[in-house]
Amino acid sequence: MKEVELAVIGAGPAGLSGAIESAKKGVNVVVFDENKRPGGQLFKQIHKFFGSKEHMAGIRGFKIGEMLLEEANKLGIPVYLDSPVIGINKDKVVAYVRDEKIQYIVTKKILVATGAMENVIQFPGWTLPGVMGAGAVQTMINIERVLPGKRILMVGTGNVGLIVSYQLMQAGAEVIALVEAKPEIGGYGVHASKIKRANVPIYLKHTIAQAEGKNFVEKAVIAEVDNNFKIISGTEKELKVDLICLAVGLSPLIELINLLDCKQIYVSELGGWIPLHDENMETACKGVYVAGDVSGVEEASSALDKGRIAGIAIAESLQHIPIEAASREIDGIRTRLNELRCGPFGEVSLQGNNKIYQAMRRWENEQGN
Amino acid sequence: MNNNRIIHHQILGNLPECKWVKITVDGKRIKAREGETIAAALIAAGVKVFRYSVKRDEPRSLFCAIGRCTDCVMIVNNRPNVRTCVTLVENGMKIETQKGLGKRQINHEGS
Amino acid sequence: MNRGISFSGTPSEEELEKSPGYPPEEIQRKKKVVIIECIQEIPCNPCEEACKFGAISVGKPITNLPQVDFEKCIGCGQCIAKCPGLAIYLLDYNYNEDDAAISFPYEYYPFPNEGETVNAVDRKGNFVSKGKVIKVSNPKVNECTAVITITFPKQYYKEIRSIERIRGEKNV
């Protein structure tokens, strides 16, 4: 069986930056991804990133993806695409499907960077063709360059809903409206302002009541909701749309790591069930690390930084670099990462991450570590 | 022509030149771009329904576009339950609307 | 009544006036000047480096609202395309006797043509008045964020922030 020092599962921003950091320090690493193209969700992000220069602010997501891939190529990191990992066990054997057969690799460390999946909400007509996740729409318009609809209703005003609405207009579609069940817009004001400048209405305290159409979406009915998110009868409004996008949050994809029975914690601020981990991204299963959205849904910039931290910590634990050097580098990245967790939006992430670290410390104490 | 392709885009630039392949969808010939997914080709061609559900025979199409939900499966080259959102087009591919679980029509010489 | 950006999606008068990137009225009417309508504390600072004259500062933490030294601002407009939030404008109230001019970021296809008459809109996308496109700038250094300059009757200088999206020839 082939042996490596580090198997990275997921070639998105977290997995790639983790692989790059550890490879830079001499770790023998291989990256697996179930998709035919690497980069995770990065290549669909056609907007300029926020943050600081170190976070590559002002650079469009897909450019950052290209830079990452170039670095990985330069370092000669093998990235096995179209190779879904179907199993990992406590002996750190990784089973994957490649060339139509199941293959195995044994490793010393695993970095799980499997990302997150879109949530759904159900309503009458939600199964009709023309109801899609916002991420799905983003893939279609920015990667495949096809428009799945010309008249859009966007459900959700978090950053995903706001950004994808804007990108739909850039793709030539008409966004008829956004609805948000809460009484406030969820995402950044500047993203909302772009939508408003395009004269698109944002209905707060509204939800989608029904999607209508014979074989595909032809109409959407939206309605106002009360403080318990119950539809207020009589407030229904019909909108002529052919595409309904659901931008209602993301949940970490923990199915694979659950095969190891890694201790988890429920953190609503970060998307749901998350594998317990310390500040160096190591989970309760020794030698297994997490990074990116699977370790808590934040942003691409956070995924990049968390991946780097994991990569450096892994290199140190494999004794490729001394602990002092590793700590210094990790501290620098952590300071930068925490810059993203400031302000009214970032604080939520900060709280969520602190919950995880505190729970991890408690668990470690219980184990008598 | 019902073509939902995004030709011009301020950020992505113009749609690059590419090789075109020919596929059929329920017998109808459509053009597809080499390297794109079946789902993308179908959406570009204006195909709205990909399959009908098992129990209630309801129309379904693309939902997650990431290979997880299986709402987009169709019969491809006589093989049912192929996820069209992660499968790339190939010249001469035969795509059919799948009804229910679909029937596997494979002879022993090839799949 | 605009309760604020989290409710309406557009900054209220109070939010703008409180923001250190929004010039006081006298300055808006006096010289060609930048207007930064960034009023939420989000971690972001490319505008700081964007100004070669050091007129914009954010400092640490990077959630600070951008502060503009309006004396240092010479109205070059280099910062407009650098803001990831598309929140920076350049106002020239005294373009001529009748008209003011505003430069704003634009990332849609197609562009209007220079010389074309367009519908100038406010922050909510509502029509305010007709405007004339005097410049469409899309240099490589802007990384696909074009900057369009339009003139319009100067009484609308506080309202007009963009143009109605050009549909024209379809990009699909």
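Since the model is a prediction, treat every value here as computed from it, not as a measurement. (Residues numbered from 1 in each chain as written. Chains lettered and ligands numbered in written order. Predicted model: local features only at pLDDT ≥ 70, side-chain atom pairs only at ≥ 80, totals over all residues.)

Draft legend 1. Main features of the pairing of strand S6 (residues 101-112) of chain A. All names here are of chain A. In this sheet, S6 lies alongside strand S1 (residues 2-9) in parallel orientation, the contact comprising seven bridges. Bridge pairing links Val 4 to Thr 107 in S6. Bridge count between strand S5 (residues 93-98) and S6: six bridges; the pairing is antiparallel. Bridging from a neighbouring strand, Tyr 96 pairs with Gln 103 of S6. As consecutive antiparallel partners, S5 and S6 are separated by two residues, and within that stretch Asp 99 has a phi angle of approximately 55°, a positive value. Judged from the three bridges that link them, S6 and strand S19 (residues 288-290) form a sheet pairing that is parallel. Each bridged residue has a counterpart across the sheet, and for Val 112 the counterpart in S19 is Val 290. (Pairing = 2+ DSSP bridges. Helix = DSSP H or I, 4+ residues; strand = E, 2+ residues; numbered from the N terminus.)

Draft legend 2. Just the interface of chain C and chain B, in detail. Tallying the contact residues gives seven residues for chain C and eight residues for chain B. Looking at the side of chain C that touches chain B, its residues break down into five nonpolar, one polar and one charged. (Contact = placed C-beta atoms within 7 Å. Nonpolar A, V, L, I, M, F, W, Y, C, P; charged D, E, K, R; others polar.)

Draft legend 3. View of helix H2 (residues 61-74) of chain A. Residue and element names in this part refer to chain A. If you check H2, its first and last C-alpha atoms are 20 Å apart, about what 14 residues at 1.5 Å a residue would give, namely 20 Å. When H2 is considered as a whole, its buried residues turn out to be Gly 61, Ile 64, Gly 65, Leu 68, Leu 69 and Ala 72. Here the buried residues of H2 occupy an arc of 135° about the axis, which is enough to place them on one side. Opposite the buried face of H2, by more than 90 degrees, sit the exposed residues Glu 70, Asn 73 and Lys 74. Where H2 is buried, its residues meet helix H1 (13-24), strand S3 (79-80) and helix H7 (300-317). Residue Gly 76 follows H2 closely and has a positive phi angle near 70°. (Expected span 1.5 Å × (residues − 1). Buried ≥ 20, exposed ≤ 12 C-beta atoms within 10 Å, placed from the backbone. Arc of directions from axis to C-beta.)

Draft legend 4. Representation of the interface of chain C and chain A within the structure. Contact residues are listed per partner, giving 38 residues for chain C and 36 residues for chain A. Those elements that place two or more of their residues in the side of chain C that touches chain A are helix H1 (5-8) and helix H4 (46-50) of chain C. The dominant element in the side of chain C that touches chain A, judged by the number of residues it contributes, is H1 of chain C, at three residues. A per-class count over the side of chain C that touches chain A returns 17 nonpolar, eleven polar and ten charged.

On their own, these measurements won't tell you what the molecule is for.
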